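Residues per chain are reported as follows:
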Amino acid sequence: QPVEFMGGSMTLDLTDTSEDGLWMVKNYTGLDNAESIKEAAFYEAMMGSIPYSMVMVRVAEGADAATVAAAMKSGIDQRKWICVEADDLQVVSFGDVVMLIMVGSDTGLTAQGYVDAFASVMGSTDFVK
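Fair warning: this is a prediction, and the values are worked out from it, not measured in the lab.

Draft legend 1. Seen up close, helix H2 (residues 65–75). Those residues of H2 not exposed but buried are Ala 65, Val 68, Ala 69, Met 72 and Gly 75. Along H2, the residues classed as buried sweep out an arc of 140 degrees about the axis, all on the same side. Exposed residues on H2 whose side chains face more than 90 degrees from its buried face are Thr 67 and Ser 74. Where the residues of H2 are buried, they touch helix H1 (19–29), strand E2 (37–45), strand E3 (52–59), strand E4 (88–94) and strand E5 (97–103).

Draft legend 2. Spatial organisation of the side chain of Lys 80. Positionally, Lys 80 belongs in the loop between H2 and E4. Those residues in contact with Lys 80 that sit more than four places away from it in its chain are Asn 27, Tyr 28, Glu 44, Ser 53 and Met 102.

Draft legend 3. Spatial organisation of the nonpolar core. Formed by 25 residues in total, the largest nonpolar core has its most connected members in Ile 37, Met 72, Val 98 and Leu 100. Where this core is concerned, the elements lending two or more residues are H1, E2, E3, H2, E4 and E5. A total of four residues in this core trace back to one element, the largest contributor, which is H2. Core analysis: the next-biggest nonpolar cluster, separate from the first, contains twelve residues, Met 99, Leu 109, Tyr 114 and Val 115 among them.

Draft legend 4. Broad picture of the pairing of E3. Bridging between E2 and E3 involves seven bridges; their strand directions are antiparallel. The residue bridging Tyr 43 from the neighbouring strand is Met 54, located in E3. As paired strands, E3 and E5 are joined by seven bridges and run antiparallel to one another. Following the sheet pairing, Val 55 is matched in E5 by Leu 100.

Draft legend 5. Representation of a nonpolar patch on the surface. A contiguous nonpolar surface patch, about 380 Å² in accessible area, is contributed by Met 6, Met 46 and Met 47. Among the structural elements, Met 6 can be located in the segment before strand E1 (7–11).

Draft legend 6. Representation of the pairing of E5. Counting buried positions along E5 gives seven out of seven residues, so the element sits mostly inside the fold. Judged by which residues are buried, E5 turns out to be covered on both faces: Val 97, Met 99, Ile 101 and Val 103 on one side and Val 98, Leu 100 and Met 102 on the other are all buried. Hairpin connection between E4 and E5: a loop of two residues separates the two successive antiparallel strands, and Gly 95 in this loop has a positive phi of roughly 60 degrees.

The rules we used
Residues numbered from 1 in each chain as written. Predicted model: local features only at pLDDT ≥ 70, side-chain atom pairs only at ≥ 80, totals over all residues. Heavy atoms only, no water. Buried < 20%, exposed > 50% of the residue type's maximum accessible area, 1.4 Å probe, protein only. Helix = DSSP H or I, 4+ residues; strand = E, 2+ residues; numbered from the N terminus. Arc of directions from axis to C-beta. Contact = heavy atoms within 4.5 Å. Core = buried A, V, L, I, M, F, W, Y, C linked by side-chain atoms within 4.5 Å. Pairing = 2+ DSSP bridges. Patch = residues over 30% accessible without salt bridge, like charges linked within 9 Å, V, L, I, M, F, W, Y side chains within 5 Å. Areas by Shrake-Rupley, 256 points an atom, 1.4 Å probe, with all protein chains shown as cover. Salt bridge = Lys/Arg side-chain N within 4 Å of Asp/Glu carboxyl O.

Listed below in structure tokens is the structure:
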């Protein structure tokens, strides 16, 4: 899905268990630690206070993607930018991949648009929400 702002993607260092490393995991995934995931990357606006965050996580072997998705949804801070809020949030899983997408309704974007695009890429709408 295209965006009309400059953004950047980054992978999370899941081996960093320092205070900063754990803050990064919590800030981007909503999880308290990285024990249940083996990969994570995010895409966010690079400038300004634009309430937009897309996070892709691959769950660790033996972890349940639906459980990880539920933990992400309940743990993410939709006001992490302080002055703006992402009031449109969806977290879905397909196989061992979880996508968290949150946007502000004033951005002209919808979380559902990203869920639909994810379904198209995955070739299925059989998601766990």
